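Observations on chain architecture
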Amino acid sequence: MIGRIGVQGGFCREVELRRSKEVIVMDGRIKPYLQIVRLPNVFTAAADSLAAWLLTQGLEHPTHWVPLVICSMSIYAGGIALNDLMDEPIDRVERPQRPLPSGAVTRRFAWRLVVVLLMLGLGAAALSGSVVSLIVAFILAMCVIAYDVGGKNTPAGPLLMGACRGLNVLLGFSQVAALGGPLAWLYAGSIALYIAGVTSISRSETTSGRTTNLKVGIVTQSLGLILAFNIGVQLGSARRGPEGFLLWELASLVGQAALGFLIVRSAARAWKTPEPSTIQYAVRTGVLSLIWIHVVVLLWSFGPVPALIVALLALPAQGLARWLYTT
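All values reported here derive from a predicted model rather than from experimental measurement. (Residues numbered from 1 in each chain as written. Predicted model: local features only at pLDDT ≥ 70, side-chain atom pairs only at ≥ 80, totals over all residues. Heavy atoms only, no water.)

**Digging into the overall build of the protein**
Each helix and strand counted, the protein has 13 helices and 0 strands in total. Listing the helices and strands of the protein from first to last along the sequence gives α-α-α-α-α-α-α-α-α-α-α-α-α. Put simply, the protein has 327 residues, and 50% of those count as buried. Contacts in the protein between residues at least 24 apart in sequence constitute 77% of all its contacts with a sequence separation of at least 6. (Helix = DSSP H or I, 4+ residues; strand = E, 2+ residues; numbered from the N terminus. Buried < 20%, exposed > 50% of the residue type's maximum accessible area, 1.4 Å probe, protein only. Contact = heavy atoms within 4.5 Å.)

Given below as structure tokens:
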């Protein structure tokens with residue numbers, strides 16, 4: 001009996017070990033393909049267009065806003081994959097463990113992925129039922145390509161990347177008269193300025209001691225954050241009308257303060273100790289915080305339901321960011 005138990009125990013351990021190896025192999029096979037599109041960040045792109053739609057139209061007409069969200073995610077993912085293709089020569093030296101230089105993902109597959117994702121994005125915009133949405137999506141895709149194939153290496157690179165995010169927000173306003181009006185344009189512009197700052201910070205993420213881009217980025221990011229809070233609240237308040245949500249306004253103010261503190265703290269650490277680890281953490285915080293910027297604006301303007309809908313996007317974004325890199 002003891003011998004039989006021992007054999008069974010050994011068999012169970014062998015099965016568990018085999019299953020563990022299978023998980024490792026699957027992780028090794030799947031992970032590079034998720035890395036090449038920065039999957040955690042894709043959900044921040046979804047938050048841009050969804051939050052813009054909610055700020056102006058609520059959850060009405062899902063057959064219109066769902067395709068726009070898919071468009072945002074697809075064009076973002078395609079742009080990131082294209083970025084990795086363009087950066088492969090540099091990554092061979094600075095980040096050889098990444099999917100393309102390591103050989104985990106082939107260039108042929110990556111190029112096909114870029115084409116499929118960009119076409120999927122434009123197709124989704126067309127299915128949204130608006131020619132204006134398709135035009136905005138096309139301009140967005142062109143800006144993404146322009147950034148990846150050379151624009152990022154120019155002094156205007158951060159502004160071009162910011163423009164991509166601003167256009168992604170405008171995509172959510174694209175089915176409202178005049179693209180939502182001046183306040184909507186300013187909100188999109190504030191998000192563009194914020195991301196321009198984050199992008200400037202990221203230019204120093206592989207080196208130590210270089211602080212020019214870092215300091216410019218931190219100042220730009222902070223200015224964009226302040227403007228996003230201020231303009232976003234004005235935009236939502238204008239649509240909401242005179243009725244107030246005092247409790248949710250207070251919660252939004254607390255959220256704005258907490259979010260600002262977290263973003264500034266991560267940036268301050270990078271400023272104080274300009275090393276790849278602190279700079280990458282500041283970039284990661286800046287990108288993932290985009291969802292929460294939209295959430296606190298929606299919380300002020302329309303209460304907890306719209307804010308919660310966008311906040312749900314943070315669950316996969318934050319969860320996947322523990323497993324996949326975001327910079």
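**Structural notes on the packing of helix α3 (residues 62–94) against helix α6 (residues 131–148)**
Relative to each other, α3 and α6 sit at 15°, their axes nearing to 9 Å. Taken together, α3 and α6 sit at an angle that is classed as roughly parallel. Pair α3 / α6 crosses with right-handed handedness. For the pair α3 and α6, the contacting residues are Leu-68, Cys-71, Ile-75, Gly-79, Leu-82, Asn-83 and Met-86 in the first and Ser-133, Ala-137, Leu-140, Ala-141, Val-144, Ile-145, Tyr-147 and Asp-148 in the second. Of the residues belonging to the contact of α3 with α6, the class tally is 11 nonpolar, 3 polar and 1 charged. (Axes fitted to C-alpha atoms, helices over the stretch in contact; angles between N-to-C directions. Parallel < 35°, antiparallel > 145°, perpendicular 65-115°, else oblique. Left-handed = near helix turned anticlockwise from the far one by under 90°. Nonpolar A, V, L, I, M, F, W, Y, C, P; charged D, E, K, R; others polar.)

**Considerations on a nonpolar patch on the surface**
A surface patch of nonpolar side chains, amounting to about 470 Å² of accessible area, comprises Val-131, Ile-135, Phe-138, Ile-139 and Met-142. Tracing the backbone shows Ile-139 in helix α6. (Patch = residues over 30% accessible without salt bridge, like charges linked within 9 Å, V, L, I, M, F, W, Y side chains within 5 Å. Areas by Shrake-Rupley, 256 points an atom, 1.4 Å probe, with all protein chains shown as cover. Salt bridge = Lys/Arg side-chain N within 4 Å of Asp/Glu carboxyl O.)

**Observations regarding the packing of aromatic side chains**
According to the stated counting rule, one finds 1 aromatic pair in the structure shown. Consider the rings of Tyr-33 and Phe-109, whose centres lie 5.0 Å apart with planes at 80°: the pair is edge-to-face. Within this pair, whereas Tyr-33 is found in helix α1 (residues 2–35), its partner Phe-109 is found in helix α5 (residues 107–127), the two being separated by 76 residues in sequence. The exposure class of Tyr-33 is partly exposed, given its relative accessible area of 34%. Directly above the aromatic system of Tyr-325 lies the positively charged group of Arg-98, at a separation of 4.1 Å from the ring centroid. (Phe/Tyr/Trp six-rings, centres within 6.5 Å; stacked < 30°, edge-to-face > 60°. Lys NZ or Arg CZ within 6 Å of the ring centre and 35° of its normal.)

**Notes on the packing of helix α10 (residues 246–272) against helix α11 (residues 276–302)**
For the pair α10 and α11, interaxial distance at closest approach is 9 Å and the crossing angle is 170°. Considering the angle they form, α10 stands roughly antiparallel to α11. Here the residues of the contact of α10 with α11 are counted per class, giving 16 nonpolar, 7 polar and 2 charged.

**Remarks on the environment of Thr-327**
Here Thr-327 is to be found in the segment after α13 (314–321). The spacing of Thr-327 and Ile-279 is 48 residues in sequence and 10.0 Å in space, taken between C-alpha atoms. Not counting chain neighbours up to four residues away, the residues in contact with Thr-327 comprise Arg-38, Arg-98, Glu-205, Gln-280, Val-283 and Arg-284.

**Structural notes on the environment of Leu-235**
As for its placement among the helices and strands, Leu-235 is situated in helix α9 (residues 212–240). Distance in space between the C-alpha atoms of Leu-235 and Ser-301 is 8.1 Å, their sequence separation being 66 residues. Sequence-distant contacts of Leu-235, defined by excluding residues within four places in its chain, comprise Leu-55, Phe-173, Leu-183, Ala-184 and Tyr-187.

**Considering the pattern of salt bridges**
Considering all chains together, one arrives at 6 salt bridges under this definition. Note that Asp-84 is salt-bridged to Arg-38, the shortest N-O span being 2.8 Å. Residue Asp-84 is located in helix α3, and its partner Arg-38 is located in the loop between α1 and α2 (39–57); the two are separated by 46 residues in the primary sequence. On the basis of relative accessible area, Asp-84 is assigned to the buried category, the value being 4%. By relative accessible area, Arg-38 is classed as buried at 3%.

**Focus: the side chain of Ser-133**
Locating Ser-133 in the fold gives a position in helix α6. With relative accessibility at 0%, the residue Ser-133 sits in the buried group. At 3.1 Å, the side chain of Ser-133 forms a polar contact with the side chain of Gln-175. What Ser-133 contacts, discounting residues up to four positions off in sequence, is Leu-68, Ala-125, Ser-128, Leu-171, Ser-174 and Gln-175. (Polar contact = N/O pair within 3.5 Å; in protein donor to acceptor, adjacent residues only side chain to side chain.)

**Points about the environment of Tyr-147**
Here Tyr-147 is to be found in helix α6. As for Tyr-147 and Leu-82, which are separated by 65 residues in sequence, their C-alpha atoms are 9.8 Å apart. Residues in contact with Tyr-147, not counting those within four places in the same chain, are Asn-83, Lys-152, Gly-157, Leu-160, Met-161 and Thr-199.

**What about the nonpolar core?**
Grouped together as the largest cluster of nonpolar side chains are 88 residues, with contacts concentrated most on Phe-173, Tyr-187, Ile-293 and Val-310. Among the elements that make up this core, the one with the highest residue count is α11 (14 residues). Not counting residues up to four positions away in its chain, the partners in contact with Ile-293 are Tyr-187, Ile-191, Tyr-194, Leu-225, Ala-228, Phe-229 and Leu-259. (Core = buried A, V, L, I, M, F, W, Y, C linked by side-chain atoms within 4.5 Å.)

**What to know about α6**
With 18 residues, α6 ought to run about 26 Å at 1.5 Å a step, and its terminal C-alpha atoms sit 26 Å apart, in line with that. Residues Ser-133, Val-136, Ala-137, Leu-140, Ala-141, Cys-143, Val-144, Tyr-147 and Asp-148 constitute the buried set of α6. The arc that holds the buried residues of α6, viewed along the axis, is 160°, so those residues lie on one side. Buried residues along α6 sit in contact with α3, α5, α7 (157–173) and α8 (182–202). Residue Ser-130 occupies the N-cap position of α6, its side-chain oxygen lying 3.3 Å from the main-chain nitrogen of Val-132. (Expected span 1.5 Å × (residues − 1). Arc of directions from axis to C-beta.)

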